[in-house]
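Residue-level structural notes
The primary structure of each chain is shown beneath.
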Amino acid sequence: MKERIRNISTEVLSKGWSTLSTISFDYRRRDGSWERQQREAYDHGNGAAILLYHPGKGTVLLTRQFRMVTYLYGNPEGMLWEVPAGLLDEEHPDEGIRRETEEETGYRPGAIRPLFSAYMSPGSLTELVHFYAAEYDDTMKTAEGGGVAHEQEEIEVVELPFAKALKMINSGEIRDGKTIMLLQWAALNGVMSNE
Ligand SMILES: Nc1nc2c(ncn2[C@@H]2O[C@H](COP(=O)(O)OP(=O)(O)O[C@H]3O[C@H](CO)[C@@H](O)[C@H](O)[C@@H]3O)[C@@H](O)[C@H]2O)c(=O)[nH]1
Ligand SMILES: [Mg+2]
């Protein structure tokens with residue numbers, strides 16, 4: 001295969017909680033000509049997200065928290081419904097999603113099922129998100145959840161009927177991509193009745 005990309009250089013623009021860089025590179029177009037391109041990349045590592053569902057009760061466990069960028073861009077209260085999710089430390093995604101699930105919901109999941117991975121915003125975000133599903137029941141609740149206080153997290157955990165959660169996608173109440181993907185995965189794969 002012919003070389004497609006060459007002369008890659010990276011300039012770090014900002015290194016704070018995450019790293020913003022400009023990547024410059026030569027790109028070979030389909031007609032064979034080369035052009036110099038630049039793309040900014042925002043890197044805060046990879047993430048994981050999980051659907052916790054209870055087939056017996058027909059419910060899912062979702063979180064609600066304040067998301068500043070949504071508040072600034074079109075979400076009046078800034079509150080967002082989400083599945084439990086978070087960024088990975090230096091750990092396998094399986095471990096990371098178990099840690100995040102406990103921190104955010106207080107539930108310690110049993111068997112977790114890896115589903116798929118996705119780049120959520122490939123134009124500028126480096127993050128690859130690993131998606132999971134797991135059944136939950138009341139015996140798995142070991143703590144209050146709510147997030148990590150010293151990370152300034154304040155997370156409400158809400159048990160919702162699955163059918164209602166699906167309707168909340170259409171009504172515009174659920175507007176988080178990873179949450180929509182996982183709820184639709186459950187609907188497509190018939191893991192719960194949505195009557
Ligand atoms: N100081 C500081 N703290 C931050 C910043 N951004 C996030 N934090 C803190 O770090 C916590 C990270 O929590 P996680 O649970 O690890 O991540 P998340 O924000 O819930 O979700 C991320 O991962 C998801 C799954 O991959 C992503 O979908 C989501 O967009 C986000 O990147 C946040 O809750 C917040 O307290 C920041 O810019 N500055
Ligand atoms: Mg989180």
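Within each chain, residues carry numbers counting from 1 in the order of the written sequence. Chain letters start at A and ligand numbers start at 1, both assigned in the order the entries are written. Confidence filtering applies because this is a predicted model: local features only for residues at pLDDT of at least 70, side-chain atom pairs given and counted only at 80 or more, and all residues used for totals across whole chains, interfaces and linings. Hydrogens and water are ignored here; the side-chain numbers use all heavy atoms of the structure.

A word on the coordination of the magnesium ion (ligand 2)
- The rule for donors is simple: N, O or S, within 2.8 Å of the metal, or within 3.2 Å if the metal is Na, K or Ca. Water isn't counted, so a site may look like it is missing partners. Every protein donor of the magnesium ion (ligand 2) is listed here as Ala85 (O) and Glu104 (OE), and their distances to the metal cover 2.0 to 2.2 Å. Of this pair, Ala85 sits in strand β7 (residues 85–87) while Glu104 sits in helix α2 (residues 93–105), and the two are 19 residues apart along the sequence.
- The class for Ala85 is buried, based on a relative accessible area of 11%.
- Only protein chains enter the accessibility calculation, which uses a 1.4 Å probe; a residue is then buried when its area is under 20% of its type maximum, exposed when over 50%, and partly exposed in between. Here Glu104 falls in the buried class, since its relative accessible area comes to 2%. What counts as a helix is a DSSP run of H or I of at least four residues, what counts as a strand is a run of E of at least two, and both are numbered from the N terminus.

Re the UniProt feature "binding site: Mg(2+) 1" (unreviewed entry) in the chain
- UniProt positions are given in the numbering used here, feature names are shortened, and annotations may be inferred rather than shown by experiment. Annotation from UniProt places "binding site: Mg(2+) 1" (unreviewed entry) at Ala85 and Glu153. Spanning 69 residues, the named residues form one tight spatial group whose C-alpha atoms are at most 12.4 Å apart. Within the annotated group, the residues that form the lining of the largest pocket are Ala85 and Glu153.
- What makes two residues a contact is simply this: any of their non-hydrogen atoms within 4.5 Å. In contact with Ala85, not counting residues within four places along its chain, are Ala48, Ala49, Glu100, Glu104 and Lys178.
- Locating Glu153 in the fold gives a position in the loop between β9 (128–135) and β10 (156–161).
- Classification of Glu153 as partly exposed rests on a relative accessible area of 23%.
- Here Glu153 is in contact with Glu104, Gly146, Gly147 and Val148, once residues within four sequence places are set aside.
- Looking at Glu153, its side chain comes within polar contact range of the main-chain nitrogen of Val148, at 2.9 Å. In this analysis a 1.4 Å probe is tested at points of a 1 Å grid over the protein atoms alone, and where it fits but cannot get out there is a cavity; an open set with protein on both sides within 12 Å along at least five of seven lines is a pocket; lining residues have an atom within 4 Å of a point. Polar contact is defined as a pair of N or O atoms within 3.5 Å, subject to the rule that within protein one atom must be able to donate a hydrogen and the other to accept it, and that residues adjacent in sequence are counted only when both atoms are side-chain atoms.

Remarks on the pattern of salt bridges
- The term salt bridge refers to a pairing of a side-chain nitrogen on Lys or Arg with a carboxyl oxygen on Asp or Glu at a separation within 4 Å. Within this structure, the stated rule accounts for 13 salt bridges.
- We note a salt bridge from Arg6 to Asp26, for which the minimum N-O separation is 3.7 Å. With a gap of 20 residues between them, Arg6 in strand β1 (residues 5–15) and Asp26 in strand β2 (residues 19–28) connect regions that are remote in the sequence.
- The exposure class of Arg6 is partly exposed, given its relative accessible area of 31%.
- For Arg67, the salt bridge identified is with Glu82, shortest N-O distance 2.7 Å. Placement of Arg67 in the loop between β5 (59–66) and α1 (68–72) and of Glu82 in strand β6 (residues 79–82) is noted, with a sequence separation of 15 residues between them.
- Here Glu82 falls in the buried class, since its relative accessible area comes to 1%.

A look at the site of ligand 1
- Distances are taken per atom, and a residue is near a molecule or strand as soon as one of its heavy atoms is within 4 Å of it. For ligand 1, the set of nearby residues contains 15 residues, the closest of which are Arg67, Leu87, Glu127, Glu151 and Glu153.
- A distance of 2.9 Å separates an oxygen atom of ligand 1 from a polar side-chain atom of Arg67.
- Measuring from an oxygen atom of ligand 1, one finds a side-chain N or O atom of Glu153 at 2.9 Å.
- Put plainly, a molecule is in a cavity or pocket when over half of its atoms are within 2 Å of the grid points there. Its atoms largely coinciding with the cavity grid, ligand 1 occupies the largest pocket.
- Of all the elements in the fold, those that place two or more residues in the shell around ligand 1 are β4 (47–54), β7 and α2.
- If you tally residues by element for the shell around ligand 1, the top one is β7, at three residues.
- In the scheme used here, Gly and all other residues not listed as nonpolar or charged are polar, with Ala, Val, Leu, Ile, Met, Phe, Trp, Tyr, Cys and Pro taken as nonpolar and Asp, Glu, Lys and Arg as charged. Looking at the shell around ligand 1, its residues break down into five nonpolar, three polar and seven charged.

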